[in-house]
Amino acid sequence: MKNWMGFLTLFLGSFLLAQQTTFKFDFGGNRVEKGFIPITSTSKFDKKIGYGFMDISGLKSVDNGVNALTGDFITSDKPFYFSVAIPEGNYDIQLNLGDSKGNSETTVRVENRRLMLNDVKTKKGEIVEKQITVHVKDSIIRNQEGTQIGIVKLKPRERKYLHWDNLLTIEFNDKAPKVCSVIIQPNKSAKTIFITGDSTVVDAQYEPWASWGQILPYFFVPNEVVIANYAESGETLKAFEDRHRIDKIWNKIKPGDYLFIQFGHNDQKYGNSTKSGYRKRLKEWILKAKQLGAIPVLVTSMNRRVFDENNKIVNTLDDFPDAMREIAKEENVYLIDLNALSKTLFEAMGPEAAKKAFVYYPANSYPNQPTALADDTHFNTYGAYELAKCVVKSIVDENLPLKKYISKNYKNFNPNKPDDIEKFYWPESIFMETLKPDGN
């Protein structure tokens, strides 16, 4: 009987934890703000309690002896990751960053290196409160009662990702990250931008790979808009259906939400033509989104780094961009012409400088990389950042209703004048892999 009761207690505890959606964490020393959960440098993630750091090596708890909530903090000289078991949904996260007796410098990303806050600096004695809004997902498709009715068919490599693991993971990075507190609350009202696409869109977990999808959250006002990136490497429109990724979105999308659709690279690669299901599926997705009260937005695939003898970009995507442009007109939906914008951007860079936006690195730039990386399709973080700016520019220029939610992080961008790569700042994450993503 005692063993049975112990099992029941453990089961109920796990069940209640799985349902919990609001958390208040006080990072730092032994003094804890009332109503907060204490988090110290030894708080390693524990499945039983459902929260903690992925790795506690190098973590330091610092207590300056003033306010219990903001007078102490956790810091490290390398990136550190805090995870919380939490049901899927949208969440507002309030962060207190800084040091009551020193400076701080913190970059915040979530899940698979999704950029939220970039290089937040505080002066000695300054504590800043920052807000971010995050979409957390799992692979289960549920009905309104919460019963499982399907599942997203994940690829083996996806099972290592931080965005399908039933956890919210926050990455704290930069020269002097100092975290005083983390408050997590559900957000039921934010407009969700669901993104579909391939390896040029996906939230890439590993340095040096990146995409515009994982940079996009940085340019939107938190609380009002949240980015839900469901793209995956190697996917075509058909594969996205076959693996039930789009079914997961249909199950979650609400009236007023957005559905961004960018496919072409892999549809072309697998020998498909725009007449062999591509147009049909696009129109079906558009119709379904409209029926659900969502707003479909077509995004033409960006160009590859292929130049002619006159330093002009060569179209390597056949008629896929044109097909998407035509469908946008036929169906009267918004179009982000990333294909045209990327052509302008890459030609402004030129053939050699454009390599700095793609995964071009000499041998031994990254661990276990004996040979040079030279990829004309996939982007590094700088390239992804520039393409995300192109997407935001188009939202403004095409007068999408979303433009009123664009944050002050976005300044007017001219793809004819790319940002100086020497001024681009991205402290690298600890996750690195030189294996090329699926797709081309």
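Since the structure is predicted, the reported quantities are computational estimates derived from the model, not experimental observations.

A. Spotlight on the packing of helix H6 (residues 274–291) against helix H7 (residues 320–331). Remark: H6 packs on H7, axes separated minimally by 11 Å, with the N-to-C direction vectors making an angle of 35°. Seen from above, H6 lies across H7 with right-handed handedness. Note on element contacts: H7 touches H6 through Phe320, Ala323, Met324, Glu326, Ile327, Glu330 and Glu331, opposite Thr274, Tyr278, Arg279, Leu282, Lys283, Ile286 and Lys290. The residue inventory of the contact of H6 with H7, partitioned by class, reads 7 nonpolar, 1 polar and 6 charged.

B. Region of interest: helix H8 (residues 338–349). Taking 1.5 Å of rise per residue, 12 residues should cover 16 Å, and H8 covers 16 Å from first to last C-alpha, within 8% of that figure. All buried positions along H8 are accounted for by Leu338, Asn339, Leu341, Ser342, Leu345, Phe346 and Met349. Projected down its long axis, H8 carries its buried residues within an arc of 160°, all on one side. Remark: Gly350 follows H8 within two positions and exhibits a positive phi of approximately 90°.

C. Up close: the pairing of strand S7 (residues 89–98). A large share of S7 lies buried, amounting to 9 of its 10 residues. With 10 bridges joining them, S7 and strand S10 (residues 127–136) adopt antiparallel strand pairing. Each bridged residue has a counterpart across the sheet, and for Gln94 the counterpart in S10 is Gln131. With 7 bridges connecting them, S7 and strand S14 (residues 178–186) associate as antiparallel partners. Bridge pairing in S14 places Ile93 opposite Ile184.

D. Inspection of the environment of Glu232 at higher detail. Inspection of the secondary structure assignment puts Glu232 in the loop between strand S16 (225–229) and helix H3 (237–242). Separated by 62 residues in sequence, Glu232 and Ile170 have C-alpha atoms that sit 21 Å apart. Those residues within four positions of Glu232 in sequence are excluded, and the remaining contacts are Lys155, Arg157, Glu158, Tyr161, Gly197, Asp198, Ser199, Val202 and Arg245.

E. Geometry of the pattern of salt bridges. Inspection of every chain in the model, using the stated rule, returns 34 salt bridges. The partner of Arg157 in a salt bridge is Glu433, with the nearest N and O atoms 3.9 Å apart. With Arg157 in the loop between strand S12 (148–151) and strand S13 (167–176) and Glu433 in the segment after helix H10 (381–397), this residue pair connects regions lying 276 residues apart in the sequence. With a shortest N-O distance of 2.6 Å, Glu284 and Lys280 are connected by a salt bridge. Of this pair, Glu284 and Lys280 are both found in helix H6, 4 residues apart, which corresponds to roughly one turn of the helix. By relative accessible area, which is 35% here, Glu284 ends up partly exposed. It is possible to trace a salt-bridge network through shared partners that takes in Glu88, Asp138, Arg142, Lys248 and Lys252.

F. Seen up close, the domain arrangement of the protein. Here the protein is partitioned into domain 1 (19–187) and domain 2 (189–423). Summarising the inter-unit geometry, the C-alpha centres of domain 1 and domain 2 are found 28 Å apart. Residue-level contacts link 35 residues of domain 1 with 36 residues of domain 2. Here domain 1 meets domain 2 over a buried area of about 3000 Å², counting both sides, of which 46% is carbon and sulfur. If you sort the residues of domain 1 by the area they bury against domain 2, Arg113, Leu115 and Lys155 come out on top, with a joint share of 23%. Linking domain 1 with domain 2 are 7 salt bridges, by the criterion used here. With a closest N to O distance of 3.2 Å, Lys248 and Asp138 form a salt bridge.

G. Summary view of the nonpolar core. In terms of nonpolar packing, the biggest core is built from 49 residues, with Ile193, Trp212, Phe220, Phe260, Phe346, Ile395 and Leu402 touching the most fellow members. Of all the secondary structure elements, the ones that give two or more residues to this core are strand S15 (191–196), helix H2 (212–215), S16, strand S17 (258–261), strand S18 (295–299), H8 and H10. With 9 residues, the single largest contributor to this core is H10. Once residues lying within four places of it in the same chain are set aside, the contact partners of Leu402 are Ile193, Phe220, Val225, Tyr258, Phe260 and Ile395.

H. Seen up close, the environment of Asn412. Here Asn412 lies in the segment after H10. Taking C-alpha positions, Asn412 is 7.3 Å from Lys393, a pair spaced 19 residues apart along the chain.

I. The arrangement of the sheet that holds strand S19 (residues 334–336) in detail. In spatial order, the strands read S16-S15-S17-S18-S19; together these 5 strands make up an open sheet with parallel pairing. Because the sheet does not close on itself, it has two edges, and the strands there are S16 and S19. Within this sheet the neighbouring strands show an average axis-to-axis angle of 25°, counted without direction. Examined bridge by bridge, S18 and S19 share 3 bridges and lie parallel to one another. By the bridge assignment, Leu298 is partnered in S19 with Leu335.

Calculation criteria
- Residues numbered from 1 in each chain as written.
- Predicted model: local features only at pLDDT ≥ 70, side-chain atom pairs only at ≥ 80, totals over all residues.
- Heavy atoms only, no water.
- Axes fitted to C-alpha atoms, helices over the stretch in contact; angles between N-to-C directions.
- Helix = DSSP H or I, 4+ residues; strand = E, 2+ residues; numbered from the N terminus.
- Left-handed = near helix turned anticlockwise from the far one by under 90°.
- Contact = heavy atoms within 4.5 Å.
- Nonpolar A, V, L, I, M, F, W, Y, C, P; charged D, E, K, R; others polar.
- Expected span 1.5 Å × (residues − 1).
- Buried < 20%, exposed > 50% of the residue type's maximum accessible area, 1.4 Å probe, protein only.
- Arc of directions from axis to C-beta.
- Pairing = 2+ DSSP bridges.
- Salt bridge = Lys/Arg side-chain N within 4 Å of Asp/Glu carboxyl O.
- Domains from an automatic or database assignment.
- Buried area = accessible area lost by both parts, 1.4 Å probe.
- Core = buried A, V, L, I, M, F, W, Y, C linked by side-chain atoms within 4.5 Å.

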